[in-house]
Structures are given as C-alpha cells and as structure tokens.
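Coordinate inspection notes
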Amino acid sequence: MNFWFTIKKPILALAPMAGYTDSAFRLICRQIGSDVVYSEMISTDAIVFKNKKTIRMLKYSSKECPLIFQLFGNKPERFKEAVIFLNKKLKNKKNIGIDINFGCPAHKVTKTGSGAALMNELDTAYKIINAVCKNTDLPVSIKVRTKVKNTTCLEFAETVKNLPISAMMIHGRSLKQGFSGNIDFATIKKVKQILPDKIVLANGGVDSLETALKTLSATCCDGLGLARGVLGNPWLFASIRQNKKNNPPPDEIKKMIICHAELFLQDNENLINLRKHFVRYIHKQKNASALRQRLVNVENLDELKKILKDL
Ligand SMILES: Cc1cc2nc3c(=O)[nH]c(=O)nc-3n(C[C@H](O)[C@H](O)[C@H](O)COP(=O)(O)O)c2cc1C
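Just so it is clear, the model here is predicted, and its values are computed rather than measured. (Residues numbered from 1 in each chain as written. Predicted model: local features only at pLDDT ≥ 70, side-chain atom pairs only at ≥ 80, totals over all residues. Heavy atoms only, no water.)

On to the site of the ligand. Around the ligand sit 17 residues, and of these Pro 16, Ala 18, Asn 203, Gly 205 and Arg 228 come closest. Separating an oxygen atom of the ligand from a side-chain N or O atom of Lys 143 is a distance of 2.8 Å. Separating an oxygen atom of the ligand from a side-chain N or O atom of Asn 203 is a distance of 2.5 Å. Among the residues forming the shell around the ligand, the class breakdown is eight nonpolar, six polar and three charged. (Near = heavy atom within 4 Å. Polar contact = N/O pair within 3.5 Å; in protein donor to acceptor, adjacent residues only side chain to side chain. Nonpolar A, V, L, I, M, F, W, Y, C, P; charged D, E, K, R; others polar.)

Next up, the structure:
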C-alpha cells in the first residue's frame, strides 16, 4: 500500500505553488500539520536536459515526506525520460510521489501545450499518465481544473480512471475563471463518485477553518489542497487539524518568519526570494504597510531580525 492510502483523513496537502513551495516552506508546513506537500511544478524538458536550476529544485529533506514532485510538459516520451531520471536520482524514495500538472493557466506553459492546455487533449493526457505510471514505482497523482475549454474534469476522470493513479487534486475553478470566483463543489463531489477507490483532494478558496469545513462537507472528498490560504498562514493546517480557530500572536509570527528564513538560508545565499513570503506573514498586523516597505528590501538574517523588533 502506498503512502496515499495510509494517511488519516481528511488529508491536508500543501498544493503546488511555483515560486513558493520550495523545500523550506514544505518543511514548515509539514512541521505544523500538513500531511503531504507538493513541490513547485518542474519542467520535464528541463529535467531531461539537466538544467542546473531545475536539478536544484529536486533537493529535499526526508523530513518533508510524503513529498510529491509535480511535473509539467507536453510529450509522453519526455515524461518517461524524466521519471526514469527521477527514479535514479531520488534517494530513499519511500514517501515520494510524482504528480502531473493539467491545470496551470500561465501563457508560457499553455502555449507549449502543457499544463491546462493538456486537459483538453484527452488522448495525449492519457498517454502521458500511462507513460509515467509504466516507468516508475512511485505513486502517481494528477492535478486538474473543473473545466478547460470543452473538457470537464468528469470526462477527464472517466478517461483516466482505469490507469493506476493513486490521487487526483481538483482546483474547483475552470480555466476561464483563473484564480478567482466560486468553487464548483458539486462537480468535485461527482469526481469522487467516479473515483471511489482513489484519493480525491478538493482545492480552491480554502483560507480559513470555515472554508475548509465547508469544502470537505460539500465535496465529500478525502482531503484538501491548500494553496494561497497558507501563504503567511501555515498555522491554518493546525487549525483545521484541531478544528479550532487560530490567530497566532506577533511573537509566534516573528518566530515562524525567522525559522523560515533560517531554513531558506541553508539552500540560498540571501533572503531576496523569500521577501514575498515575509509580506504575507505580516499583512494582518497593525503596522503592516511600514513593515512591508522594509521587508521588501531585506537581504540577510540580521537585517530581518532588526525589522521584526517592530512587529
Ligand atoms: C503563485 C502560485 C503558483 C502556483 N503554482 C502552481 C504549480 O506550480 N502547479 C499547480 O498545479 N498549481 C499551481 N498553482 C495553483 C494552486 O495549486 C491552486 O490550485 C490555486 O491557487 C487554487 O487554490 P487557492 O484558491 O487555495 O489558492 C499556483 C497558484 C499560485 C497562486
């Protein structure tokens, strides 16, 4: 039995977010209550061509596991080569999974026929999932939207339900909706009915204990994928887990920011790429605007600690 089927439900997953779900943030989320974490999307072409920056994205600590590496691309053959590479490259693969991105709306991704564009190409999508499943023993999952052009996630689920995938995360918005608007709970619920033996995670708009409970009860899913709702608020995982509202005091926020920065500096030379996380952590504080102006220029830990004295 693979790890997907051993996690207690509801499963709380950190959904993939390019530029955010790196090793440091994944570790923070796992320590505070996430059951499983997704990497940023990683290009199969870049893996196959051994792009240095991409290979660095494969670095992880076993404390993050269960960890899912999410791949994007457009060719079954490239996916095959990429997973063969991953099979060899990843150490201690016990709690590692592979996810395939069928939901990214970014033009630079869809223009090549990858991400959400693939959801509307059922034949190629099927071949890609098949190629991945056939070439790895790692659990395979997929992430889709409710609808892309003419293809709904119901049709998609029907098409792939006999493939040996373990899990599916559904962003409850269509490609047309992008990242805002109502979540289509009813459609997500129907997907779970089509895939009773697979793990189905509902994603979209979960930013509080209330929205988490509402999403779980309206979709009857096995768990949730949390994305923007946990940026600056990883405590949401603990809050859902304990079924208790949680507003961390400034001291706890400060501690979390410093812990996040220290983890990030293990793999990075400075804090420049972490500034976007810092501003999320403090955005509800009274002096958020003054703090933000200083945090967007921070480069090292000493500067960060000095700024946080005013939190
Ligand atoms: C900055 C950002 C980056 C994202 N990157 C990815 C990605 O790499 N792969 C993916 O499948 N979805 C990605 N997403 C989509 C999220 O996983 C999620 O489906 C979406 O944000 C809806 O959930 P939310 O309303 O809880 O934020 C990204 C979203 C954001 C905001």
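After that view, the rundown keeps rolling.
Side chains of Lys 52, Lys 53, Arg 56 and Lys 108 sit close together on the surface and give a patch of like positive charge. If one sorts the elements of the positive patch by residue count, helix α3 (residues 52-56) sits on top with three residues. Turning to its location among the elements, Lys 53 is positioned in helix α3. Taking the relative accessible area as the measure of exposure, Lys 53 reaches 62% and is therefore exposed. (Patch = residues over 30% accessible without salt bridge, like charges linked within 9 Å, V, L, I, M, F, W, Y side chains within 5 Å. Areas by Shrake-Rupley, 256 points an atom, 1.4 Å probe, with all protein chains shown as cover. Salt bridge = Lys/Arg side-chain N within 4 Å of Asp/Glu carboxyl O. Lys, Arg positive; Asp, Glu negative; His and termini not counted. Charge placed at Lys NZ, Arg CZ, Asp CG, Glu CD. Helix = DSSP H or I, 4+ residues; strand = E, 2+ residues; numbered from the N terminus. Buried < 20%, exposed > 50% of the residue type's maximum accessible area, 1.4 Å probe, protein only.)

Moving on, we get to the packing of aromatic side chains. All told, the structure shown has five aromatic pairs when counted by the stated rule. Judged by centre distance (6.2 Å) and plane angle (85°), the ring pair of Trp 235 and Tyr 281 falls under edge-to-face. One end of the pair, Trp 235, is in helix α11 (residues 235-242); the other, Tyr 281, is in helix α13 (residues 275-282), with 46 residues separating them in the sequence. Accessibility classification places Trp 235 together with Tyr 281 in one group, the buried group. Each member of the aromatic cluster is reached from another via a ring pair, and the members are Phe 3, Trp 4 and Tyr 38. Against the face of Phe 179 rests Arg 145, its NZ or CZ located 5.2 Å from the ring centre. Lys 276 extends its terminal NZ or CZ atom over the ring of Tyr 20, reaching a point 5.2 Å from the ring centre. (Phe/Tyr/Trp six-rings, centres within 6.5 Å; stacked < 30°, edge-to-face > 60°. Lys NZ or Arg CZ within 6 Å of the ring centre and 35° of its normal.)

Another point: unusual backbone geometry. Note the cis peptide between Lys 9 and Pro 10, where omega equals 0°. Checked against the element boundaries, Pro 10 lands in the segment before β1 (11-14). Even without glycine at this site, Lys 149 takes up a positive phi of about 50°. Structurally, the position occupied by Lys 149 is in the loop between β6 (147-148) and β7 (151-152). Residue class for Lys 149 comes out exposed when judged on its relative accessible area of 63%. Although it is not a glycine, Asn 243 adopts a positive phi angle of roughly 55°. Mapped onto the elements, Asn 243 comes out in the loop between α11 and α12 (250-265). Exposure remark for Asn 243: the relative accessible area of 51% places this residue in the exposed category.

The next point concerns the UniProt feature "binding site: FMN" (unreviewed entry) in the protein chain. Within this numbering scheme, the UniProt entry marks Pro 16, Met 17, Ala 18, Gln 70, Lys 143, His 171, Asn 203, Gly 204, Gly 205, Ala 227 and Arg 228 as carrying the feature "binding site: FMN" (unreviewed entry). For Pro 16, the location among the structural elements is in the loop between β1 and α1 (23-32). On the basis of relative accessible area, Pro 16 is assigned to the buried category, the value being 13%. Those residues in contact with Pro 16, other than ones at most four positions away along the chain, are Thr 21, Tyr 38, Ser 39, Gln 70, Lys 143 and Met 169. Assignment of secondary structure puts Gly 205 in the loop between β9 (199-203) and α10 (209-219). By relative accessible area, Gly 205 is classed as partly exposed at 39%. Apart from residues no more than four positions distant in its own chain, Gly 205 is found in contact with Arg 173, Ile 183 and Thr 211. (UniProt positions renumbered as here; feature names shortened; annotations may be inferred. Contact = heavy atoms within 4.5 Å.)

Let us now look at the pattern of salt bridges. Within this structure, the stated rule accounts for 11 salt bridges. A salt bridge links Asp 222 to Lys 9; the shortest N-O distance between them is 3.2 Å. You can see Asp 222 sitting in the loop between α10 and β10 (223-226) and its partner Lys 9 sitting in the segment before β1, a full 213 residues away along the chain. When its relative accessible area of 7% is taken as the criterion, Asp 222 is described as buried. A salt bridge links Lys 59 to Asp 267; its shortest N-O distance comes to 2.6 Å. Separated by 208 residues along the polypeptide, Lys 59 in the loop between α3 and β3 (67-72) and Asp 267 in the loop between α12 and α13 bring together distant segments of the chain. What makes Asp 267 partly exposed here is its relative accessible area of 41%. One network of salt bridges, with partners in common, ties together Lys 9, Lys 192 and Asp 222.

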